[in-house]
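Fold and geometry: a report
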Amino acid sequence: MKSRATLLVLLMLLCVSGVAGRAQDTAPTDALADFKFVIGTWQVAPESVKTPAKYTEEMTYSAILDGKWVMSQQLLRDQQGAIVYRDCAVYGIDPDTHKLFFHAYNTDGSMDRSHAVDAPPGRWIFAGTVYGSKRFHDYRYTMTKVDDNHFNVLIELLNSGKYEKLSETHYARKSREAPAQVQ
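The text that follows walks through the structure, step by step, so that each part is easy to find.

The rules behind the values
- Residues numbered from 1 in each chain as written.
- Predicted model: local features only at pLDDT ≥ 70, side-chain atom pairs only at ≥ 80, totals over all residues.
- Heavy atoms only, no water.
- Helix = DSSP H or I, 4+ residues; strand = E, 2+ residues; numbered from the N terminus.
- Buried < 20%, exposed > 50% of the residue type's maximum accessible area, 1.4 Å probe, protein only.
- Contact = heavy atoms within 4.5 Å.
- Areas by Shrake-Rupley, 256 points an atom, 1.4 Å probe, with all protein chains shown as cover.
- Core = buried A, V, L, I, M, F, W, Y, C linked by side-chain atoms within 4.5 Å.
- Salt bridge = Lys/Arg side-chain N within 4 Å of Asp/Glu carboxyl O.
- Phe/Tyr/Trp six-rings, centres within 6.5 Å; stacked < 30°, edge-to-face > 60°.
- Pairing = 2+ DSSP bridges.
- Axes fitted to C-alpha atoms, helices over the stretch in contact; angles between N-to-C directions.
- Polar contact = N/O pair within 3.5 Å; in protein donor to acceptor, adjacent residues only side chain to side chain.
- 1 Å grid on protein atoms, 1.4 Å probe; cavity = no way out; pocket = protein on both sides within 12 Å on 5 of 7 lines; lining within 4 Å.
- Points joined across faces, edges and corners; volume = space filled by probe spheres on them.

Some thoughts on the overall build of the protein chain
Broken down by element type, the protein chain carries one helix and 10 strands. Helices and strands in the protein chain line up, N terminus first, as α-β-β-β-β-β-β-β-β-β-β. The buried share of the protein chain, reckoned over its 183 residues, is 33%. A sequence separation of at least 24 residues applies to 35% of the contacts in the protein chain between residues at least 6 apart. Accessible area for the protein chain stands at about 11,600 Å²; split by element, carbon and sulfur atoms hold 57% of it.

Some thoughts on the nonpolar core
By size, the foremost hydrophobic cluster in this structure holds 24 residues, and its most contacted members are Phe35, Tyr61, Tyr91, Phe126, Tyr141 and Met143. Breaking this core down by element, the ones donating at least two residues are helix H1 (2–35), strand E2 (56–64), strand E4 (83–93), strand E5 (100–106), strand E7 (123–131), strand E8 (138–147) and strand E9 (150–159). Excluding anything up to four places from it in sequence, Tyr61 contacts Val38, Ile39, Gly40, Trp42, Val70, Met71, Ser72, Tyr91, Met143, Phe151 and Ala178.

Here we look at the pattern of salt bridges
Enumeration over the complete set of coordinates arrives at five salt bridges. Linking Glu156 and Arg140 is a salt bridge whose minimum nitrogen-to-oxygen distance equals 2.8 Å. Taken together, the residues Glu156 in strand E9 and Arg140 in strand E8 connect sequence positions 16 residues apart. On the accessibility criterion, Glu156 (12% relative accessible area) is buried. Ionic pairing is found between Lys145 and Asp148, a salt bridge with its closest N-O pair at 3.0 Å. Here Lys145 falls in the partly exposed class, since its relative accessible area comes to 29%.

Thoughts on the packing of aromatic side chains
Scanning the entire structure with this criterion turns up 14 aromatic pairs. Ring centres of Phe37 and Phe151 lie 6.1 Å apart, and the angle between their planes is 90°; this geometry places the pair in the edge-to-face category. Residue Phe37 is located in the loop between H1 and strand E1 (40–44), and its partner Phe151 is located in strand E9; the two are separated by 114 residues in the primary sequence. Assessed through its relative accessible area of 12%, Phe37 is described here as buried.

A few points about the sheet that holds E5
If you walk around this closed barrel you meet the 10 strands as E1-E2-E3-E4-E5-E6-E7-E8-E9-E10, and the pairing is antiparallel. Averaged over neighbouring strand pairs, the angle between their axes works out to 25° when direction is ignored. Bridge count between E7 and E8: seven bridges; the pairing is antiparallel. Of the residues in E8, the one forming a bridge with Ile125 is Thr142.

Notes on the environment of Asn149
Checked against the element boundaries, Asn149 lands in the loop between E8 and E9. Expressed as a C-alpha distance, the spacing of Asn149 and Tyr171, which sit 22 residues apart in the sequence, is 8.2 Å. In contact with Asn149, not counting residues within four places along its chain, are Trp42, Tyr171, Ala172, Arg173 and Arg176. Within the local environment of Asn149, its side chain forms a polar contact with the side chain of Arg176, the two groups lying 3.2 Å apart.

Brief notes about the layout of surface pockets
The volume enclosed by the largest pocket comes to roughly 1,300 Å³. Together, 41 residues line the largest pocket, and Glu57, Gln74, Leu76, Ile155 and Ser167 are the ones closest to its centre. At the level of secondary structure, the elements contributing two or more residues to the lining of the largest pocket comprise E2, strand E3 (69–77), E4, E5, E8, E9 and strand E10 (162–175). Considering each element in turn, the lining of the largest pocket owes the most residues, six residues, to E10.

Put into structure tokens, the structure is as follows:
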């Protein structure tokens, strides 16, 4: 009788842990689903520009590979329209940590590796490192959804153990669609 009770308890534990495991497996998908509000084309919000900009900036975000990933590209153009800077990033769910991350590839040959840290809904905070850059190394990249047509990006650099603001940009949606291409 005792072994039968033990077996019953073990079976119940296995069932409960199986259900809990499935619940955890679905959570990462929700993080990417919420993040996908960025899909489309974005530009610096005109009302946030205080002085004439030296460059125009455009950010595009596209779902790729059956929506499992989001690709972005940032383009800076000079007054004549020539591209002076570009980067390409891929966002997704890390299969080991089940957290959102992005890897970026930059014009200067450097690359970023980042991972999301805990943040409230509508905010994505990425702690990252730039490899191969003389100017940047460890940073924090915070994206905050203002509404469906606006978001902010705060970039902070880690200096002597403390994050210091490098830039803060307010973006406005230009289009809900963007091509999945890199220029």
